[in-house]
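Single-letter residue listing:
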Amino acid sequence: MKVKLRIKRFNPEKDKEPWWGEYDVEMDPTDRVLDALHYVKWHIDGTLTLRRSCGHGICGSDAMRINGVNRLACKVLLRDVAPVVTVEPILGLPVIKDLVVDMEPFMAQYRSVMPYFVNDEPPPPRERLQSPEERAVFDDTTKCILCACCTTSCPSFWARGEYVGPAAIVQAHRFIFDSRDRAAAQRLEILNEPDGIWRCRTVYNCTNACPREIKITEAIAEVKKALLFSRL
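Worth saying up front: this structure is predicted, and the values here are computed from it rather than measured.

### Considering the packing of aromatic side chains
By convention here, two paired aromatic rings are described through the distance between centres and the angle between planes. In total, this model carries zero aromatic pairs according to the counting rule given. Sitting over the face of the ring of W20, R6 holds its NZ or CZ atom 4.6 Å from the ring centroid.

Structure follows, in structure tokens:
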């Protein structure tokens, strides 16, 4: 099948403004957008710059905006988005080159919510036990791969980059509701700041963008309830 790729290009070393590159390629319907980008890079224009690693939806490194929606390029089949496929870098983060953005602002928000297990109590002889029911409370939010699809699809994040964002809240949720953790109050205090969870306007873009199908808006609502009613 014939596919026209429209790719937003930008090289800060020579471009004053971003521009659109158009590339006509012959691909199979079951090829992925990532395969088409590889074809362009390997056979048409080797200067095209993109980030990717595992190519199987696990690492989350190839998040980009495909036909106006945040997706992982390795998970989108061309037959579902062709014949014209528009590819842009995800929004709200500085563009380094072409489809590669600076993830540091996103990772700084991630680090701000203490995304690690905290428990200074003496460890038991074997392990810190947890029931299946206790584990199920935060099971969904353990699936996050930090691709940034959710945060960079959020209008509140576009408007104010200081907003902690959905991905960081998801990471906080994973530990706040872990019965073995002892730093829930500290994380809730962080999320209660002016650029914390209350900037969420429940638009649902984050939930729709998540490649792991995490119920992000629901998780955010659970953290809000924990703040309002001290329910953990």
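Once the structure has been displayed, the description carries forward.
### Some thoughts on the domain arrangement of the protein chain
Entries for the protein chain in the domain assignment read domain 1 (1-99) and domain 2 (101-227). On a C-alpha basis, the centroid separation for the pair domain 1 and domain 2 is 29 Å. Taken together, the contact between domain 1 and domain 2 spans 20 residues of the former and 16 residues of the latter. Summing both sides of the interface, domain 1 and domain 2 together bury roughly 1,500 Å²; the carbon and sulfur share of this comes to 64%.

### Focus: a nonpolar patch on the surface
On the surface, W198, L228 and F229 cluster together into a nonpolar patch covering about 320 Å² of accessible area. For W198, the location among the structural elements is in the loop between helix 6 (184-191) and helix 7 (205-209).

### A word on the packing of helix 5 (residues 166-176) against helix 8 (residues 216-229)
Running from N to C, helix 5 and helix 8 cross one another at 60°; their axes reach a closest spacing of 9 Å. Relative to helix 8, helix 5 is oriented oblique. In this structure, the crossing between helix 5 and helix 8 has a hand that is left-handed. Between helix 5 and helix 8, the contacting residues are P166, I169, V170, H173 and I176 on the first element and I216, A219, I220, E222 and V223 on the second. Here the contact of helix 5 with helix 8 is built from residues that sort into eight nonpolar, one polar and one charged.

### Remarks on unusual backbone geometry
In this chain, A82 is followed by P83 through a cis amide linkage whose omega measures 15°. Looking at where P83 falls in the secondary structure, it is placed in the loop between strand 4 (69-72) and strand 5 (84-88). Notably, A148 is not glycine yet its phi reads approximately 80°, a positive angle. Here A148 shows up in the loop between helix 3 (132-136) and helix 4 (155-159). Of note, the phi angle at Y204 is positive, near 75°, even though the residue is not glycine. If you trace the backbone, Y204 turns up in the loop between helix 6 and helix 7.

### Describing the sheet that holds strand 1 (residues 2-9)
In space, the five strands of this open sheet follow the order 2-1-5-3-4, with mixed pairing throughout. Each edge of the sheet is formed by a strand with only one pairing partner; in this case those strands are strand 2 (19-26) and strand 4. In this sheet, neighbouring strand axes are inclined to one another by 35° on average, regardless of whether the strands run parallel or antiparallel. The sheet contact formed by strand 3 (residues 63-66) and strand 4 spans four bridges and is antiparallel. From the neighbouring strand, R65 faces strand 4, where its bridge partner is N70.

### Brief notes about the pairing of strand 4
Residues N70 and L72 line the buried face of strand 4, whereas the alternating positions V69 and R71 sit on a face that is not buried. Taking the residues that link successive antiparallel strands as the turn, the strand 3-strand 4 hairpin has two residues, and the phi of N67 there is positive, at about 50°.

### Considerations on the pairing of strand 3
Covered by surrounding structure in strand 3 are A63 and R65 together with M64 and I66, the residues of both alternating faces. Sheet topology places strand 3 next to strand 5; two bridges connect them, and they run antiparallel. Looking at the pairing, R65 lines up with E88 of strand 5.

### With respect to the pattern of salt bridges
With the rule as written, the count across this model stands at 17 salt bridges. Notably, a salt bridge pairs R111 with E104, separated by 2.5 Å at the nearest N-O pair. Take R111: its relative accessible area is 46%, and that puts it in the partly exposed class. A relative accessible area of 40% places E104 in the partly exposed class. R174 serves as the salt-bridge partner of D178, at 2.9 Å between the closest nitrogen and oxygen.

Conventions adopted
- Residues numbered from 1 in each chain as written.
- Predicted model: local features only at pLDDT ≥ 70, side-chain atom pairs only at ≥ 80, totals over all residues.
- Heavy atoms only, no water.
- Phe/Tyr/Trp six-rings, centres within 6.5 Å; stacked < 30°, edge-to-face > 60°.
- Lys NZ or Arg CZ within 6 Å of the ring centre and 35° of its normal.
- Domains from an automatic or database assignment.
- Contact = heavy atoms within 4.5 Å.
- Buried area = accessible area lost by both parts, 1.4 Å probe.
- Patch = residues over 30% accessible without salt bridge, like charges linked within 9 Å, V, L, I, M, F, W, Y side chains within 5 Å.
- Areas by Shrake-Rupley, 256 points an atom, 1.4 Å probe, with all protein chains shown as cover.
- Salt bridge = Lys/Arg side-chain N within 4 Å of Asp/Glu carboxyl O.
- Helix = DSSP H or I, 4+ residues; strand = E, 2+ residues; numbered from the N terminus.
- Axes fitted to C-alpha atoms, helices over the stretch in contact; angles between N-to-C directions.
- Parallel < 35°, antiparallel > 145°, perpendicular 65-115°, else oblique.
- Left-handed = near helix turned anticlockwise from the far one by under 90°.
- Nonpolar A, V, L, I, M, F, W, Y, C, P; charged D, E, K, R; others polar.
- Pairing = 2+ DSSP bridges.
- Buried < 20%, exposed > 50% of the residue type's maximum accessible area, 1.4 Å probe, protein only.

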